[in-house]
Structure formats: structure tokens, C-alpha cells
Amino acid sequence: MRLSTLVIRAAAVAVAALAGTFSDMSACTGISFKAGDGSYVLARTAEWGGSDLQGRYVVVPRGYRHVSLAADGGSGLIFTGKYGYVGVSAHLDQFVLEGLNEKGLSAGLFFFPGYGQYPEYDSTEVSRTVPDMQVVSWMLANFSTVQEVIDHFDEIVVTMLFPESGTSHWRVGDPSGRQIVIEITGGETHIYENTIGVLTNSPDFPWHVTNLNNYVSLTFGEAEGNAFSAYPQVRRFGAGTGMTGIPGDVTPPSRFVRAAYYQATAPQYPTGEETVMSCFLILNNFDIPIGVERQKGQNPTDIPGATQFTTATDTKGLKFYWRTCWNSTIRCIDLTSIDFAKVKYTVEPLDKVREQSVEMIKVR
């Protein structure tokens, strides 16, 4: 089976638009929390400083026929989805970056430039080939738990559609609170238990965890004593001395450390909804303005910020939340209200109205 020339051409344009900026413009940050009622929430930002990702939400019914794109212009793995899901796609409807299925499995793609290395494309394996931008869809459509993903991941061959595009790694979580990171380096798949609950981009996940050892002096609230305690004229300027020395730049290692700190010091909230709201507030700290990632001579004019969307998934409550850099209103899709056996495949822009709302208050 060959895909239409139009679809292949659209895929080429989309990936080409992404390819030139993978290394310098992508900066995803993920956190996760367990609420007091047992809800498990995974939240993340999605940065892209080069152009509009054309983000849209997709609703995919149970039993949907998925066709994977292949590097030779044909089709890769073709399968019928066991579960319905909701997600956010970029450029092409098939390129789902983050999503939640009807069983509470959450999966997301995080850019992993310079460190990932997929197996070379092999035409004899095309029937089980899935491009990295469609791996999230494959997981959400087929599995209900993290363990099922682990058990079946070696059944597919992950490739990239075009050599110039960058690589990715994946975060997967389920209602039990279990979370893993999947990375493909040197052509080999590595699956890590993510007990930290944080993910950013390159280098590899074990490196980020080891790097936290450099920040063991960070503490809750205020620092207890210091080398200058003998001098009464030396005192703190304000609150927050416990995090003195935390890295403040937007590189993946620094964002990983900050995200781990904010997550470790945040209180546990009673419900999933309260936890989701906390996640959005924490992730405000990782919003990246255009100027920080802009390369010399590059002046993107179609986006107000590099953090194009932020999402949160409540894996127990089965709710998918998002906001964007065009509209900071938090929106939500309740998966329990969807009959995935009957719903039609749906694609809609993340923002029906792309403008920030300002309410004018009249004082008399």
C-alpha cells in the first residue's frame, strides 16, 4: 500500500519545518505528582522557538485504523487501535506529541537531539516500522498500562522519516503512579523507571539523575546556618535561601534540576484537579520567551512565546488539560464523557480564538 502523494508531501514539509530547529529550539519540561485522592497527574510544557507548531487536539475513536508513515514514501505499520484517546498534535494530525487514552495511559514525546540514535531504516522491516513522531499514538491506541508498553515495545522498529530531523525520547505513565522513560541510543532501546518523575531533553535520562548529586545542598525553605554565621552583619536578603545556587538558565540539565526541586518541595494536594492547577503554576516557571532561544538573524513573528502549549493529564480522573501561549485559559476534555466506540475522529485547533483575554475593571 502506498500513501497519497499529498500526504507524503505534507509530511515532508512538516518534518522539514521542524528539522532545522530541533537542536536549538526545543525545550520540553515534564513533572508529575500524586494527589491525596490517589490521582496521578503528569504535566509538561512544549517549546518550539522557530515557528508555529499549529497545535491541535485530536480525538481518536476506539477501533481507528492507524497508518504509520515510512521514510521511502509508503506506509509502515498499519494497525487497528484497541483504545480511544485524546492528544495534542503538531503540524500533521498523525504527529501526536502528548496524549491520554481511555484506560488512563499517558504518553508524551520529548525532543532528544544529539543523543538518540535509531536503527537504520530497513525496507524488509517496513511492516513493523513506526516513525518517532507516531510512537505516542501507537502506545495510546494499543496499551492500558506501562508494563504493557514495556512488554511490546520491541515489536516495532522506530525510525525517523527524514535524516535531517532530530531524535526523541518518551515519557509514559499510568494511574498506578508508575512512570518510565524510553530512549533509543546506539540503535538499542533503553527503558528506565522514572521514580524522580521529571523529564527534559538531552543528555540521556541517567545522566540527568546523576547530575542531581551536584545539588544535594539545596533544601526546603531557608538554609540552616552558613559559613558567615559568626558575622551578625551578614544576613539573608529575603526568602528562598534554601535554593541558592540552583541553575537558572533554560538548558535541559538546568531545567531538570529546577523541575526536580519544585516538584520535591511542593505540597501534596487533596484532589487531582487541585494537583493539575498546581502543575500549571509550577510550569509557569518554565515558560520561555522568544528572545531566549532565538538565534542571531532569526526573528519569528508568528508566535508570542517559545512555550507554545502546556498540558496536564489526570490519569485517574481521565481528564486532559491544556493552555497555550496565545490563550492562557486552561481548557479540559473529560474522557469519561466520550463514547470512544461511537465518537468520530476529530481534529480541532487548540485555540479557537488566539488572543489573550483582558477584563477591564471599572472603578466608581
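Residues numbered from 1 in each chain as written. Predicted model: local features only at pLDDT ≥ 70, side-chain atom pairs only at ≥ 80, totals over all residues. Heavy atoms only, no water.

**Looking at the overall build of the protein chain**
Next, step 1: When helices and strands are tallied, the protein chain shows 8 helices and 17 strands.
Next, step 2: Relative to the compact-globule value of 21 Å for 364 residues, the protein chain shows a C-alpha radius of gyration of 21 Å, a close match.
Next, step 3: Reported as C-alpha extents along the three principal axes, the dimensions of the protein chain are approximately 80 × 60 × 45 Å.
Next, step 4: The burial tally for the protein chain puts 52% of its 364 residues in the buried class.
Next, step 5: Excluding contacts between residues fewer than 6 apart, the proportion of contacts in the protein chain whose partners are at least 24 apart in sequence is 69%. (Helix = DSSP H or I, 4+ residues; strand = E, 2+ residues; numbered from the N terminus. Rg over C-alpha atoms; globule rule 2.2 N^0.38 Å. Buried < 20%, exposed > 50% of the residue type's maximum accessible area, 1.4 Å probe, protein only. Contact = heavy atoms within 4.5 Å.)

**Quick notes on empty space enclosed by the protein**
Next, step 1: By the definition in use, this model includes 2 cavities of 30 Å³ or more.
Next, step 2: In this model, the second largest cavity occupies a volume close to 40 Å³.
Next, step 3: Grouping the constituent residues of the lining of the second largest cavity by class yields 4 nonpolar, 3 polar and 2 charged. (1 Å grid on protein atoms, 1.4 Å probe; cavity = no way out; pocket = protein on both sides within 12 Å on 5 of 7 lines; lining within 4 Å. Points joined across faces, edges and corners; volume = space filled by probe spheres on them. Nonpolar A, V, L, I, M, F, W, Y, C, P; charged D, E, K, R; others polar.)

**Here's the deal with the packing of aromatic side chains**
Next, step 1: According to the stated counting rule, one finds 13 aromatic pairs in the structure shown.
Next, step 2: Centre to centre, the rings of tryptophan 138 and phenylalanine 153 are 5.9 Å apart; their planes meet at 75°, and the pair counts as edge-to-face. In this pair, tryptophan 138 is assigned in helix H3 (residues 135-142) and phenylalanine 153 in the loop between helix H4 (146-152) and strand E10 (157-159), connecting sequence segments 15 residues apart.
Next, step 3: For tryptophan 138, a relative accessible area of 4% corresponds to the buried category.
Next, step 4: Between tyrosine 192 and phenylalanine 205, the aromatic rings sit 6.1 Å apart at their centres with planes inclined by 40°, giving tilted as the arrangement. Placement of the pair is tyrosine 192 in strand E13 (residues 188-193) and phenylalanine 205 in helix H5 (residues 205-211), with a sequence separation of 13 residues. (Phe/Tyr/Trp six-rings, centres within 6.5 Å; stacked < 30°, edge-to-face > 60°.)

**What about the environment of glutamine 268?**
Next, step 1: Tracing the backbone through its elements, the reader meets glutamine 268 in the loop between helix H6 (252-265) and helix H7 (272-283).
Next, step 2: Sequence separation between glutamine 268 and alanine 35 is 233 residues, and the spatial gap between their C-alpha atoms is 5.9 Å.
Next, step 3: Beyond its immediate sequence surroundings of up to four residues, glutamine 268 is in contact with Lys34, Ala35 and Gly36.
Next, step 4: Separated by 3.0 Å, the side chain of glutamine 268 and the backbone oxygen of lysine 34 make a polar contact. (Polar contact = N/O pair within 3.5 Å; in protein donor to acceptor, adjacent residues only side chain to side chain.)

**Overview of the pattern of salt bridges**
Next, step 1: Across all of its chains, the model carries 9 salt bridges by this definition.
Next, step 2: Measuring nitrogen to oxygen at the nearest pair gives 2.8 Å for the salt bridge that ties arginine 56 to aspartate 93. Of this pair, arginine 56 sits in strand E3 (residues 56-60) while aspartate 93 sits in strand E7 (residues 92-101); the two residues are 37 residues apart in sequence, bridging distant segments of the chain.
Next, step 3: Exposure remark for arginine 56: the relative accessible area of 14% places this residue in the buried category. (Salt bridge = Lys/Arg side-chain N within 4 Å of Asp/Glu carboxyl O.)

**Things to note about the sheet that holds strand E14 (residues 307-314)**
Next, step 1: The strand order E1-E2-E14-E15-E16 describes an open sheet built from 5 strands, whose pairing is antiparallel. If you trace the sheet from one side to the other, it starts and ends with strand E1 (30-34) and strand E16 (331-334), each paired once. Pairwise comparison of adjacent strand axes, ignoring direction, gives a mean angle of 15° for this sheet.
Next, step 2: On top of the sheet, H7 reaches E1, strand E2 (40-47), E14 and strand E15 (319-324); it is set at about 25° to E2, its chief contact. (Pairing = 2+ DSSP bridges. Axes fitted to C-alpha atoms, helices over the stretch in contact; angles between N-to-C directions.)

**Examining the pairing of E1**
Next, step 1: With 4 of its 5 residues buried, E1 lies for the most part within the structure.
Next, step 2: Taken together, the 5 bridges between E1 and E2 define a ladder with antiparallel strand orientation. Bridge pairing links lysine 34 to tyrosine 40 in E2.
Next, step 3: The hairpin turn running from E1 into E2, its antiparallel successor, is 5 residues long, and glycine 38 in that turn takes a positive phi close to 95°.

**Here we look at the sheet that holds strand E17 (residues 346-349)**
Next, step 1: With respect to topology, 8 strands assemble into an open sheet ordered E13-E12-E11-E8-E7-E6-E3-E17, the strand pairing being antiparallel. Two strands close off the open sheet at either side, each with one partner strand: E13 and E17. The average undirected angle you get between the axes of adjacent strands in this sheet is 30°.
Next, step 2: Across 5 bridges, the pairing between E3 and strand E6 (residues 85-90) is antiparallel. Bridge pairing links arginine 56 to serine 89 in E6.
Next, step 3: In the packing of H3 onto the sheet, contacts are made with E6, E7, strand E8 (106-111), strand E11 (168-173) and strand E12 (179-185), and the angle to E7 comes to roughly 45°.

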